[in-house]
Every structure is written in structure tokens, then in C-alpha cells.
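# Tertiary structure, described
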Amino acid sequence: MRAPPGVLAIVLCLAGCDRAAEAQEAATKAATAAADHTQKAVDEAGKRVDEAGKRIDEAGKRIDEVVDETKAATGRAWAGLTDTGELSTTALAWMKDTAESTDIRAVVAKGVQVAPVALEVAKTINGAVDSDTAVEPIYQSLDGRDPAEVDRAIGSMPRVEIVDGLKVGFHELSRLDAGTSVNERAYLMTWRREDHIVGLVYRTTRTIDLDKLVKEAPRLIALTQTALAAETP
């Protein structure tokens, strides 16, 4: 029995509608998947751009640091600092020329620098002062010396202050040489850290007296101690 034309039309319509709906659903899913894929690609590209930007920023900061370090080193050319951690010829001469045999200056002048550590301390300290100032760190093993004897030598320095629990000695090394192009003042600061002699030769072309240096000492000593803690066990 043949279905009436009206019924057949309805069936065909329904079938067509189902296929259209399925096609629409499939198209929607495909579009959604494509959109998700595109968004992921955009997100990944954005992350790569961010990472590249961070690397560029880090490289820029490092370049700035190198430029600053170069400027500072150039500005301190007057001091003749070494790039090894050893004390400069000038600092050693000042201590040797004026020291007595039991003086802490003689001990330091004859001592052996733990140069790699002193060099790292120098970078920290000189990064925290202006180019009119040059700081030479002292870091030397006691090499069998009696700690009590070293403490007495520090205690006999012209000025002794307790700074953050440390007995710190101060001694002026400065001389103003009319025959040189640079007039500078220099001071020796020293203390004992367990089995090492620690200190700073503070040199500056600015006018500074011992009282001003004593006020500055806590900051310089804290920087030194922090750098030493990072470089030694």
C-alpha cells in the first residue's frame, strides 16, 4: 500500500531536518574545536612572547650592570685596585711603611689574602659606594697565630668600637701627597671572624674624618659579613 503523498512529504522533511541538525551540530563542534585550537595557539604564542620579553629584560639589566661596573671601575682608576682580590700596592705600602712589628698593620701586610673571597667582597662593597671611594677588603687566615694575640693587636689600634657585637679597630692610613694628582684619605678597619682576620682599607678622595667613617662602619661591616657568608661555608 502506497503512503499518501502528504505523509511521504512529512517523512522526507523530518529526515532532512535530522540530517540538517546533525550537520549543524557537527559544524558547531568543528567550529568550537577550531576556536579552541586557535586560542591555544594564541596563548602559547603569548607565553613565548612573554618569555622572550623576560629574557630581553634580563639581558638589558645585565648590560646595565656591566655598564655600571665599567663606569665605576673607570671612576676608581685613581686607586689602582687589583682585579684579583689582593691588596693594592698603595694599601700595602701604607701599612708596611708605618707599622711596628706587633701592629695589626704589620700582620695584615705580611698576611696572605684569600683572594677569591676578598674579590667577591670587593664587588659587593664597591657596588655600594660612590666612585670617589675605593674599598679594599681584607680576608686572611690567622695561619696559626694566637687569636688572643690578634685580638690584642686590634684592641691596641687608635680607636676601637663595638659594632654589632664585633670589636672593630680603626687606624688612619691617609697621607696627602702634594706630588700626586690625587689627594686621598685612607683608613684601616679590621676585626677577627673566627680563624680569619677581616677588614677594609677605606680610601676616598672626599673629605671624611674618622667620626664619619665610624658612623658608616655598621653598613660597611654588614655588607662585608653578608658577602662573606655567601662565599664561605
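Along each chain, numbering runs from 1 in the same order as the chain's sequence is written. Side-chain atom pairs in this predicted model are given and counted only at pLDDT of 80 or more, local residue features only at pLDDT of at least 70, and totals for whole chains, interfaces and linings cover all residues. With hydrogens and water excluded, all non-hydrogen atoms of the structure serve as input to the side-chain values.

### A closer look at the confidence of the model for the chain
The pLDDT value tells you how sure the predictor is about a given residue, anywhere from 0 up to 100. Taken as a whole, the chain shows an average pLDDT of 82; of its residues, 78% reach a score of 70 or greater. The contact criterion used is simple: two residues touch if any of their non-hydrogen atoms lie within 4.5 Å. In this model residues 63-72 is a low-confidence stretch, pLDDT under 50, and it forms 2 contacts with partners more than four residues away in sequence or in other chains.

### Quick look at the pairing of strand S1 (residues 133-141)
The buried fraction of S1 is high, at 8 of 9 residues. We call two strands paired when DSSP finds no fewer than two bridges between them. Secondary structure elements are taken from DSSP: a helix is a run of H or I of four residues or more, a strand is a run of E of two residues or more, and numbering for both begins at the N terminus. Sheet topology note: the S1/strand S5 (residues 196-204) ladder contains 9 bridges and is antiparallel. Bridged to proline 137 within S5 is leucine 200. Type-normalised accessible area, obtained with a 1.4 Å probe on protein chains alone, sets the label of each residue: buried when under 20%, exposed when over 50%, and partly exposed for intermediate values.

### Side note on the environment of arginine 76
Within the fold, arginine 76 resides in the loop between helix H1 (5-75) and helix H2 (89-98). The residues contacting arginine 76, other than those within four sequence positions of it, are Leu81, Asn126, Val129, Asp130, Ser131, Thr133 and Ala134. Here the side chain of arginine 76 touches aspartate 130 through a polar contact of 3.4 Å, landing on its backbone oxygen. By the criterion applied in these results, polar contacts are pairs of N or O atoms within 3.5 Å in which, for protein atoms, one can donate a hydrogen and the other can accept it, and in which residues neighboring in sequence qualify only through two side-chain atoms. Only 2.7 Å separates the side chain of arginine 76 from the backbone oxygen of threonine 133, close enough to count as a polar contact.

### Examining the side chain of threonine 190
Relative to the helices and strands, threonine 190 is located in strand S4 (residues 185-193). Owing to a relative accessible area of 0%, threonine 190 belongs among the buried residues under this scheme. Only 2.9 Å separates the side chain of threonine 190 from the backbone oxygen of valine 198, close enough to count as a polar contact. For threonine 190, the residues in contact, after removing those within four places along its chain, are Ile104, Ile154, Met157, Lys167, Val168, Gly169, Ile197, Val198 and Gly199.

### A closer look at the pattern of salt bridges
Salt bridge criterion: a side-chain nitrogen from Lys or Arg within 4 Å of a carboxyl oxygen from Asp or Glu. Inspection of the entire model under this criterion finds 10 salt bridges. Between aspartate 151 and arginine 192 there is a salt bridge, with the nearest N and O atoms lying 2.8 Å from each other. Placement of the pair is aspartate 151 in helix H5 (residues 147-155) and arginine 192 in strand S4, with a sequence separation of 41 residues. Across the salt bridge formed by aspartate 211 and arginine 159, the nearest N and O atoms sit 2.5 Å from each other. Here aspartate 211, found in helix H6 (residues 210-231), pairs with arginine 159, found in strand S2 (residues 159-163); they are 52 residues apart in sequence, far enough to count as distant. Take aspartate 211: its relative accessible area is 43%, and that puts it in the partly exposed class. Among the ionic contacts, a cluster of salt bridges with common partners joins Glu136, Glu184 and Arg203.

### Some details on the side chain of arginine 203
Mapped onto the elements of the fold, arginine 203 is located in strand S5. Since its relative accessible area comes to 1%, arginine 203 is described here as buried. Polar contacts involving the side chain of arginine 203 include one to the side chain of serine 88, which spans 3.2 Å.

### Considerations on the sheet that holds S1
Paired through their backbone hydrogen bonds, the strands of a sheet run either parallel or antiparallel. Strand order in the open sheet made by the 5 strands is S1-S5-S4-S3-S2, with antiparallel pairing throughout. Of all strands in the sheet, those bounded by a partner on one side alone are S1 and S2. Taking each pair of neighbouring strands and ignoring which way they run, the sheet shows an average axis angle of 20 degrees. The sheet contact formed by S4 and S5 spans 9 bridges and is antiparallel. Bridge pairing in S5 links tyrosine 187 to tyrosine 202. Between N-to-C directions, angles span 0 to 180 degrees; the directions come from axes that are lines fitted to C-alpha atoms, helices contributing only their stretch in contact.

### A look at the nonpolar core
Working definition of a nonpolar core: buried Ala, Val, Leu, Ile, Met, Phe, Trp, Tyr and Cys residues. They are joined through side-chain atoms within 4.5 Å. Of all hydrophobic cores here, the largest spans 25 residues; its most connected members are Val168, Phe170, Met189, Leu213, Leu220 and Ile221. Once you skip the residues sitting within four places of it in the chain, phenylalanine 170 turns out to touch Met157, Pro158, Arg159, Glu161, Leu188, Met189, Leu210, Leu213, Val214 and Ala217. Core analysis: the second largest hydrophobic core is formed by 19 residues, Ala91, Ile138, Ala153 and Ala186 among them.

### With respect to the pairing of S2
Pairing between S2 and strand S3 (residues 166-172): 5 bridges, direction antiparallel. Looking across to S3, one finds that valine 160 is bridged to glycine 169. Linking two consecutive strands that pair antiparallel, namely S2 and S3, is a turn of 2 residues; a positive phi of about 50 degrees is found at aspartate 164 within it.

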